[in-house]
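Below are the chains, spelled out letter by letter.
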Amino acid sequence: MIQPQDSLIRIENVTFSRGFRKIYDNVSMHIPRGRITAVLGPSGTGKTTLLRLIGGQLKPDSGDILYDGISVPSLSRSKLYELRRKMSMLFQSGALFTGMSVFDNVAFPLREHTELPEELIRTLVLMKLETVGLRGAASLMPSELSGGMARRAALARAVALDPELIMYDEPLTGQDPITMAVLLKLIKELNTTLGITSVVVSHDVSEVLSIADWVYLVSGGRVLAQGTPDQLREEKHPDVHQFVHGLPDGAVPFHYPAGSYLEDLRQCH
Amino acid sequence: MPLSLIQSLGRRGVSFFTALGRALLMLLHSLVGKPNFRRHFPIFVEQLYATGVQSVMIIIVSGLFIGMVLGLQGYNVLVQFKAEASLGPLVSLSILRELGPVVAALLFAGRAGSALTAEIGLMKATEQLSSLEMMAVDPLRRVISPRFWAGFVSLPLLTFMFSLVGIFGGKMVGVDWLGIDEGTFWTGTQAAVEFYQDIVQGMVKSVLFAFIVCWVALFNGYSCLPTAAGISRATTDTVVHSSLLVLGFDFVLTALMFN
Amino acid sequence: MKFNWLEFTVGCFLAAGIAAAVILALKVAGLTMTGGSADYYTVYGNFSNIGSLKVRSPIKLGGVVVGSVAAIRIDPRTLRPVVTMKIDRTYNELGSDTTFSVLTSGLLGEQYLGIKPDFASMDDDGNPSYLKDGDTTNFTESAIVLEELLGKFLYSLSSGKDSAQ
C-alpha cells in the first residue's frame, strides 16, 4: 500500500462545477511519486478537467490541491508559472506549434527557460527525439506528421526540461494498435528510467491497466474505485465491473434516459 | 413580455461588461510587465511581417484607387465653379484627415485583424495556448503581446503609405490626365495642409484605430469557442466590431480635434 | 550575419512607412527641413477689414506664394485687425510703401494677401528703404465685402437717378 507521504500530488476534498453542472463533488485523490497513476472514467466525466486543476489552469470551487505540499490554487500568477516548470502535459492533440519544425518545437521550452548555447540545445533536442524515435523527422513540420508521430514529438517536447511530473491527456485515443503499443512503451520507459511521476487520463482500460501502478476510476463527479490494476479487475461493484470489462449495458444504461418507448411511438400516429 | 425583454437586456449588459473586463485584463497582463527584448524582439519582427508587410499591397492599391476616384469626382464638381485649383486641398485634406486613417484601419481589420483572430483562435482550439501555459510560458506575453505591438506599429505606417499614394493618385488624375497645373496643385495643397492640424492628427487617429483593431482582434481570438464554428464566428466578429468601433471613434476624435 | 529575407522585408516596410511620413510632411504639408523663423521675417499690417482671411492664408506676390499669415488679432486701442505676416527672406527687398491687399482667388475661392510692390520707397536720406523684420505697415487694402459693394452700387444707382431727374 502506498503511504500518503509518498504522494507528489494530493487532491483534498475538491469540488468543481462548470455552470450548474458539478464535475467534481468533494473528491480526494493522491498521486504517488515516481509511479504511473491512471485516472479512468467514461468520456465526459471531466478527466481532462482534473489535469487542468492540477496544472492550475482552473481553480476549484472548494478544497485544495497540493503539489509537493504547495497549494496550487492559492499561488500567485508568477509563482504558478514557476511551479509549472516542474510539470509538463501531453495534450490530446499533441498541441505542437504549427509554425515551427519538430526540432524547434522540442527546442522551444529549452530556449524559453534556459540560457543554454545553441549547440547544447541541439544535442539535447536530438537526444529527446532519439528517445521517441523521431530523430529523422526533426526537420519536418507538424502538418507533415501522422497523429501518432505528432504525439511522440509532443512527448519529446514535454520531457525536454526533465520535469518531475508528466500528465498525459488521453494519449491513446484514436491511435492504431502499433502506435498505441509504442506510446505505452514510451510512457513506461520514461517512468522507469527517469523516475518521472506520470498521470495518465484515459478510457482505454485494458491498455492503461497494463502499465499503471495505481488506478482511480472516476464517474459522475466521484471516485468510484481505486487500487492496483489487479484489484480493479476483481472489483465486484457493478459500475466498476461494467467499465473495466467494457460491457455495453449494465449499471450505466445503454439508453439515454427517456420516457416510455411505446408512448413515443404511439404519438407518431 | 416586457419583463423578459428587460431580463434579456440585463443579461446582455452583464455579459458585455464581463467581456469588457476580461478584455481589459488580457490587455493588462500582456502589456504590463518587464519586457524581455532578447526573446520577444524576433517574434515582434515576425509579426511585423505578418501584419505589416503582408498588408502593404492591399493598402497601396486601395490608396491609389481612392485617390484617383477623389481626383476625378472632385475635378468634375470643382470645374463647374472654375475652382479646379482647389483639387489639391480637396484630395489631400480628405485623405489625410479622414480617408487615410479610416480606410486603412478598415482594410487592416479585414486583412490583418481577421488573420490575427483566426490564428489565435486556432492556437486555442488546438490547445497550443494551453500547452504554452503548461510549459510555464505565459501566452499573453509570448503570443498576444508581440502581435499587439506589431499591429500597433504597422497601422500608422500603413496609413502614411495609404495617404501618400492616395494624394499622388489624385495628383495623377488631376494634373497628368485632366490638365491642372502641377504648381497650382502643390501650392494649393501646401497652403491648405498643415503639419500638426492634418498630418499629426491623422496619425493620432490611426494610432488609436490600431489600438482598437488589434485589441478587438486579439481578444476575439483569445476568447473564442475552441471549435471551427467558434473561430469563424470570432473572425466575423473581429471585422464587424472593429469596423464599427473605428467609425464611431473616428466621429468622436474628429469632433474633439478639428473643432 | 546570415541574410534573412523576412527581416529584410520588415526593414523595408519600416523604412517605407517612415519615408511616406517624411514625404507627406515635406511635399504635402510644405514643411521645410530647416523650419522655424530663420527663413522668414515678420511684418505687421493694420487693416480695417480682413474679410475671411485666416491664419495660414497665403501671401502672394504676382501669384507666387512668398509667405503666409501667422496670426490675426485685434489692436485693443484702435479696434482694428492686425495681421502678422511671415514673408520668405528671399524676398527681403520689398519697398516700405508696399501695399498689402486682401484678395479673393476666383469667385468663390479662398482669400489671400496680395502684395503690390512699391519700387520708389525712400527713407528720409533718400536711400531705398525696405520692409524689415518687425515693421508695421499701414499700406493695406481691406477685403471687399459683398454687402458693402452692393450697398454702394444701389446708392450710386439711386443717386444717379436723383441727379437725372
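Being a predicted model, the structure only gives us computed values, none of them experimental. (Residues numbered from 1 in each chain as written. Chains lettered and ligands numbered in written order. Predicted model: local features only at pLDDT ≥ 70, side-chain atom pairs only at ≥ 80, totals over all residues. Heavy atoms only, no water.)

Trainee: Let's hear about the overall build of chain C: which residues, and what values?
Mentor: In terms of helices and strands, chain C carries 2 helices and 8 strands. When the helices and strands of chain C are read in sequence order from the N terminus, they spell out α-β-β-β-β-β-β-β-β-α. Residue burial in chain C is summarised as follows: out of 165 residues, 30% are buried. Total accessible area on chain C is roughly 10400 Å²; 59% of this is exposed by carbon and sulfur atoms. (Helix = DSSP H or I, 4+ residues; strand = E, 2+ residues; numbered from the N terminus. Buried < 20%, exposed > 50% of the residue type's maximum accessible area, 1.4 Å probe, protein only. Areas by Shrake-Rupley, 256 points an atom, 1.4 Å probe, with all protein chains shown as cover.)

Trainee: Could you give an account of the packing of aromatic side chains, naming the residues involved and the relevant values?
Mentor: Under the counting rule described, the total for this entry stands at 13 aromatic pairs over all chains. Among the aromatic residues, those joined into a cluster by ring pairs are Phe148(B), Trp149(B), Phe152(B), Phe211(B) and Trp215(B). The aromatic ring of Tyr112(C) is capped on one face by Lys60(C), whose charged end is 4.6 Å from the ring centroid. Its guanidinium or amino end placed over the ring of Tyr40(C), Lys86(C) lies 5.5 Å from that ring's centre, counting from NZ or CZ. (Phe/Tyr/Trp six-rings, centres within 6.5 Å; stacked < 30°, edge-to-face > 60°. Lys NZ or Arg CZ within 6 Å of the ring centre and 35° of its normal.)

Trainee: Got a sec to walk through the pairing of strand E3 (residues 64–74) of chain C? Specific residues and values, please.
Mentor: All names here are of chain C. Sheet analysis places strand E2 (residues 58–61) next to E3, joined by 4 bridges and oriented antiparallel. The partner of Ile-59 across the bridge, within E3, is Gly-67. Between the antiparallel neighbours E2 and E3 lie 2 residues, among them Gly-62 with a positive phi of about 60°. The sheet contact formed by E3 and strand E4 (residues 81–88) spans 7 bridges and is antiparallel. Of the residues in E4, the one forming a bridge with Val-69 is Met-85. (Pairing = 2+ DSSP bridges.)

Trainee: Would you mind going over the domain arrangement of chain C in detail, with residue names and values included?
Mentor: Here chain C is described as being made up of domain 1 (1–36) and domain 2 (40–145). A C-alpha centroid distance of 38 Å is found between domain 1 of chain C and domain 2 of chain C. (Domains from an automatic or database assignment.)

Trainee: So what's going on with a nonpolar patch on the surface? Which residues, and what values?
Mentor: Residues and elements named next belong to chain C. On the surface, Ile-144, Leu-146, Leu-149, Leu-150, Phe-153, Leu-154 and Leu-157 cluster together into a nonpolar patch covering about 740 Å² of accessible area. Inspection of the secondary structure puts Leu-146 in helix H2 (residues 146–164). For Leu-146, a relative accessible area of 59% corresponds to the exposed category. (Patch = residues over 30% accessible without salt bridge, like charges linked within 9 Å, V, L, I, M, F, W, Y side chains within 5 Å. Salt bridge = Lys/Arg side-chain N within 4 Å of Asp/Glu carboxyl O.)

Trainee: So what's going on with the side chain of Glu133(B)? Residues and values would help.
Mentor: One can find Glu133(B) in helix H5 (residues 128–134). Arg84(A) is the oppositely charged side chain nearest to the buried, salt-bridge-free Glu133(B), at an N-O distance of 4.1 Å. If sequence neighbours within four positions are ignored, Glu133(B) has contacts with Gln57(A), Tyr81(A), Arg84(A), Pro139(B) and Tyr222(B). (Lys, Arg positive; Asp, Glu negative; His and termini not counted. Contact = heavy atoms within 4.5 Å.)

Trainee: Give a detailed account of the sheet that holds strand E9 (residues 214–219) of chain A, specifying residues and quantitative values.
Mentor: Residues and elements named next belong to chain A. One open sheet accounts for 6 strands, arranged E6-E7-E8-E3-E9-E10; its pairing is mixed. Every interior strand has two partners, whereas the edge strands, strand E6 (87–90) and strand E10 (222–227), have only one. Put simply, the sheet's adjacent strands are angled 15° from each other on average, direction ignored. In the packing of helix H9 (residues 238–245) onto the sheet, the strands contacted are strand E3 (36–40), E9 and E10, and the crossing angle to E10 comes to about 70°. (Axes fitted to C-alpha atoms, helices over the stretch in contact; angles between N-to-C directions.)

Trainee: Hey, could you go over the nonpolar core for me, with residue numbers and the actual values?
Mentor: Ile199(B), Phe13(C) and Leu24(C) are the most contacted members of the largest nonpolar core, which has 70 residues in total. Once residues within four sequence positions are removed from consideration, Leu24(C) is found in contact with Leu96(B), Phe160(B), Ser163(B), Leu164(B), Ile167(B), Ile199(B) and Ala29(C). If you look at the next biggest cluster of nonpolar residues, it comprises 48 residues, including Leu155(A), Tyr168(A), Leu209(A) and Ile211(A). (Core = buried A, V, L, I, M, F, W, Y, C linked by side-chain atoms within 4.5 Å.)

Trainee: If you had to explain the sheet that holds strand E5 (residues 70–71) of chain A to someone new, which residues and values would you point to?
Mentor: Residues and elements named next belong to chain A. If you trace the 4 strands from one edge of the open sheet to the other, you get E2-E1-E4-E5, paired in antiparallel fashion. The sheet is open, and its two edges are formed by strand E2 (21–32) and E5, each paired on a single side. As paired elements, strand E1 (residues 7–18) and E2 share 8 bridges and run antiparallel to each other. In the strand pairing of E2, Arg-10 is matched with His-30. Packing of helix H1 (residues 47–54) onto the sheet brings it into contact with E1, E2 and strand E4 (62–67), and relative to E1 it is tilted by some 120°.

Trainee: Which residues make up unusual backbone geometry, and what values go with them?
Mentor: Residue and element names in this part refer to chain A. Residues other than glycine seldom take positive phi values, yet Asp-162 does so here, at roughly 50°. Among the structural elements, Asp-162 can be located in the loop between helix H5 (147–158) and strand E7 (165–169). The phi torsion at Glu-170 lies on the positive side, around 45°, for a residue other than glycine. Structurally, Glu-170 is set in the loop between E7 and helix H6 (177–194).

Trainee: An account of the confidence of the model for chain C is requested, with residue identities and associated values reported.
Mentor: Residue and element names in this part refer to chain C. On average, chain C scores 80 in pLDDT, and the residues at 70 or more come to 88%. When mean pLDDT is taken per element in chain C, E4 scores highest with 88 and H2 scores lowest with 77. This model gives residues 33–37 a pLDDT under 50, and the stretch forms 2 contacts once residues within four places in sequence are excluded. Under the prediction, the complex receives an ipTM of 0.81, its pTM being 0.79. (pLDDT = per-residue confidence, 0-100.)

Trainee: I'd love a proper account of the interface of chain B and chain A, names of residues and values included.
Mentor: Facing the 18 residues of chain B at the interface are 27 residues of chain A. Connecting chain B to chain A are 3 salt bridges. As a salt-bridge pair, Glu127(B) and Arg52(A) come within 3.8 Å of each other at their nearest N and O atoms. Looking at the side of chain B that touches chain A, the elements with two or more residues in it are helix H2 (37–52), H5 and helix H6 (139–177) of chain B. For the side of chain B that touches chain A, the per-class residue count stands at 7 nonpolar, 5 polar and 6 charged. (Nonpolar A, V, L, I, M, F, W, Y, C, P; charged D, E, K, R; others polar.)

Trainee: Describe the interface of chain C and chain B, naming the residues involved and giving the relevant values.
Mentor: Listed per partner, the contact involves 24 residues of chain C and 29 residues of chain B. If you sort the residues of chain C by the area they bury against chain B, Phe13(C), Val28(C) and Arg56(C) come out on top, with a joint share of 30%. Where chain C packs against chain B, one counts 0 salt bridges. Inspection of the chain C/chain B interface yields 1 residue pair in polar contact (both at pLDDT 80 or more). Within the side of chain C that touches chain B, the residues separate by chemical class into 18 nonpolar, 3 polar and 3 charged. (Buried area = accessible area lost by both parts, 1.4 Å probe. Polar contact = N/O pair within 3.5 Å; in protein donor to acceptor, adjacent residues only side chain to side chain.)

Trainee: Which residues make up helix H3 (residues 102–113) of chain A, and what are the values?
Mentor: A large share of H3(A) lies buried, amounting to 10 of its 12 residues. Buried residues of H3(A): Val102(A), Phe103(A), Asn105(A), Val106(A), Ala107(A), Phe108(A), Pro109(A), Leu110(A), Glu112(A) and His113(A), and no others. Summarising the contacts, the buried residues of H3(A) are in contact with helix H4 (118–131) and H5 of chain A together with H2, H5 and H6 of chain B.

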